[in-house]
Amino acid sequence: MSGHRIEAVLRADPGGVTYLATNPSHPEPVDLTLIRPDLSADPDFRRRLERAIDVATRLRHPNLAEVLGRGSDNAQLWVAARHLDGISAAERLRSGPNAFDEETAVAIVTDIGKGLDSAHRKGLVLRNISPATIILVPAEAGQQTAAPRAVLTGFALSRTADDARYHPANDVHMLAYVLLELLTGTPPSPNEPLSESISPTLRSAIDRALGADKNVRYRTCAEFTRAAELAVTLSRPEAAQPPPSGDFPSGSPVPPSSSATRAAQVADAQRSQPAPASVEATTQAIDQPTTRLRRLFTPRANPESDTEVVTDRRAALGQADASHHPQPRNASRSGSAVRAKSAHNRRMPPVVVPIVSVLVIVGVVIGTLAYLGARNGGDKWSSAAAPIADTFPDLLPSRPAENGWGDSGCKEITNGDVPGISCINPNNLTFVVWHTATMAGRSVVTADLPKRPGQPHRWDEGPVFASPDTVPHGWTITNFNDDPRRPYTIVATWPGHTGQQVLDDWWQTAPFGT
């Protein structure tokens, strides 16, 4: 096959069959994947795969197999990657039940998640993620850890993220299914309840990754794997043990097994995770252990950047803890001041206590209703902006109070009589989706862009133009060929960056699909 000699069959997956092969021009053996004949004969598949492999050959990451090249022999497509010494996760699963404990399985998907996030930032969606395409490479001599390194191979179904049908979120979703298969030993069914053999905390993290509401799922592999890592930490026996009794003053109304104590343990577990300084930590108080993992993680950073779990839970719980714990005997209040209070002041009349309690409850209920009303009431897009948000549901929020893709803040704007939704992300990149039903409308919204029409960019879904590198504040203009998106124009601008940087760092992974 194009000068390669087939030595042995390694594995088969949905993209084709992978062989161990040698080539006189290469000193080391390679993994040669022969694409399925029916896929090789599809001109659309061939074109898309060639573009994806051209991107893959530029990737260099310890958790991604190095792609060496692609080619065709008698209309048979092939992809060559550096051979890896090790066994696949699928082979390890076949060795017997319980092949992977929770900690090992999560460590494997964490490795793979790092590689996937790196590929996503380069505009590549892998799609072919399964135990069969995960190779467990033994640790090299002298390494600090003896744990194998998980490496993802199998690029036969890869797509570039400018293909509107595929998005990095698909890989995150598939990674959760891989974790389930590593834990249970069998491929999971989409409608099948999660196995009771998985710890409740880890089940909760996986359940969120596979949830029907895509707005609640993790937006990057890093978010999912860090949630899984923390879940494993919380499920360990030592994490559930109460603190020494000396930590609670005698007569404390908060026993060691209470939810407040558990929340403090969660805070300690989170603090053990290093958090990037760029990530804004947010938190909510938790009360119900069954919903703890659903509420621990609030993704706040760019989808194409690593994110971290929240780390400031103890600060948020500080006032609540202070109100629940009695003052120790050596508190700052002096004994004489306490003795100066009369018995009447120290003890409220029995009738007053329930009245005060009722008033407090009523106040909390009223405040909660007012808060929920402020969040959910009246903040809808206008009749002009609503169709824009509906056409691009992954890019734009469903209402102004929410954030758009990449944690961007969005608002409704107009340019003359052309309506639009403008968003700005944490990196100061602005993108506007305009409803340009006519060519005159397109001209209006792009009139202020310097050096128009710019440089054309090849894309199957429609015309795309980017500013020349000489423009200090780069821009891109995106239009569409299909009927649902044809009436819209997306203009992205990024101060201090070139048009090519807008294409590489934002446009490549932006979810333009309907």
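Refer to the preceding data block for the structure.
Source: prediction; values computed, not measured.

**Q** I would appreciate a short explanation of helix α2 (residues 43-56) in the present structure.
**A** An α-helical turn contains 3.6 residues, so a residue and the one three or four places further along point in the same direction. The terminal C-alpha atoms of α2, which comprises 14 residues, lie 20 Å apart, in line with the 20 Å expected from a rise of 1.5 Å per residue. Packing partners of the buried residues in α2 comprise β3 (30-35), α1 (37-40), β4 (67-73), β5 (76-82), β7 (124-125) and β10 (159-160). Capping of α2 at its N-terminal end is provided by D42; its side-chain oxygen lies 3.0 Å from the backbone amide nitrogen of D44.

**Q** Where do I start with the pattern of salt bridges in this structure?
**A** Applying the stated criterion to the full structure yields 15 salt bridges. Between R82 and E28 there is a salt bridge whose closest N-O contact spans 3.0 Å. Here R82, found in strand β5, pairs with E28, found in the loop between β2 (16-22) and β3; they are 54 residues apart in sequence, far enough to count as distant. Owing to a relative accessible area of 45%, E28 belongs among the partly exposed residues under this scheme. With its nearest N and O atoms 2.8 Å apart, the salt bridge here joins R485 to D482. Classification of D482 as partly exposed rests on a relative accessible area of 23%.

**Q** So what exactly am I meant to see when it comes to the sheet that holds strand β12 (residues 408-415) here?
**A** By way of backbone hydrogen bonds, the strands of a sheet pair with one another, either parallel or antiparallel. If you walk across this open sheet you meet the eight strands as β11-β12-β13-β14-β18-β17-β16-β15, and the pairing is antiparallel. Of all the strands in the sheet, the pair left with one neighbour each is β11 (403-404) and β15 (455-457). Taken together, the six bridges between strand β14 (residues 430-435) and strand β18 (residues 488-494) define a ladder with antiparallel strand orientation. Bridge pairing in β18 links T430 to T493.

**Q** How should I be thinking about the state of the cysteines in this particular structure?
**A** Here, the word disulfide means a covalent bond between the sulfur atoms of two cysteines. Tallied over the entire structure, the rule returns one disulfide. C410 shares a disulfide with C423; S-S distance 2.0 Å. Linking C410 and C423, the disulfide has an S-S dihedral of approximately 110° and is accordingly described as right-handed. Of this pair, C410 sits in strand β12 while C423 sits in strand β13 (residues 418-424), placing them 13 residues apart in sequence. Just as C410 is buried, C423 falls in that class too.

**Q** Before we go on, may I ask you to explain the nonpolar core in this structure?
**A** Nonpolar side chains in soluble globular proteins generally cluster together in the buried interior. Among the nonpolar cores identified, the biggest contains 61 residues, and F100, L124, I134, L179, L182 and L202 are the most heavily contacted of them. Every residue in contact with L179, bar those within four places of it in the chain, is listed here: A105, V106, V109, L202, I206, F224 and A228. Grouped together as the second largest cluster of nonpolar side chains are 28 residues, F392, L429, W459 and A492 included.

**Q** What am I meant to see in the packing of aromatic side chains here?
**A** Where two aromatic rings form a pair, the distance of their centres and the angle of their planes describe that pair. With the rule as written, the count across this model stands at eleven aromatic pairs. For the ring pair W506 and F512, a centre distance of 5.9 Å and an interplane angle of 65° mean the geometry is edge-to-face.

**Q** So what exactly am I meant to see when it comes to the environment of S398 here?
**A** Here S398 is to be found in the loop between α15 (386-391) and β11. Given a relative accessible area of 54%, S398 falls into the exposed group. S398 sits 17 residues away from W381 along the chain, and the two C-alpha atoms are 7.9 Å apart. Reaching out from S398, the side chain makes a polar contact with the side chain of E402 at a distance of 2.9 Å.

Rules and cut-offs
Residues numbered from 1 in each chain as written. Predicted model: local features only at pLDDT ≥ 70, side-chain atom pairs only at ≥ 80, totals over all residues. Heavy atoms only, no water. Helix = DSSP H or I, 4+ residues; strand = E, 2+ residues; numbered from the N terminus. Expected span 1.5 Å × (residues − 1). Contact = heavy atoms within 4.5 Å. Polar contact = N/O pair within 3.5 Å; in protein donor to acceptor, adjacent residues only side chain to side chain. Salt bridge = Lys/Arg side-chain N within 4 Å of Asp/Glu carboxyl O. Buried < 20%, exposed > 50% of the residue type's maximum accessible area, 1.4 Å probe, protein only. Pairing = 2+ DSSP bridges. Disulfide = S-S within 2.5 Å. Core = buried A, V, L, I, M, F, W, Y, C linked by side-chain atoms within 4.5 Å. Phe/Tyr/Trp six-rings, centres within 6.5 Å; stacked < 30°, edge-to-face > 60°.

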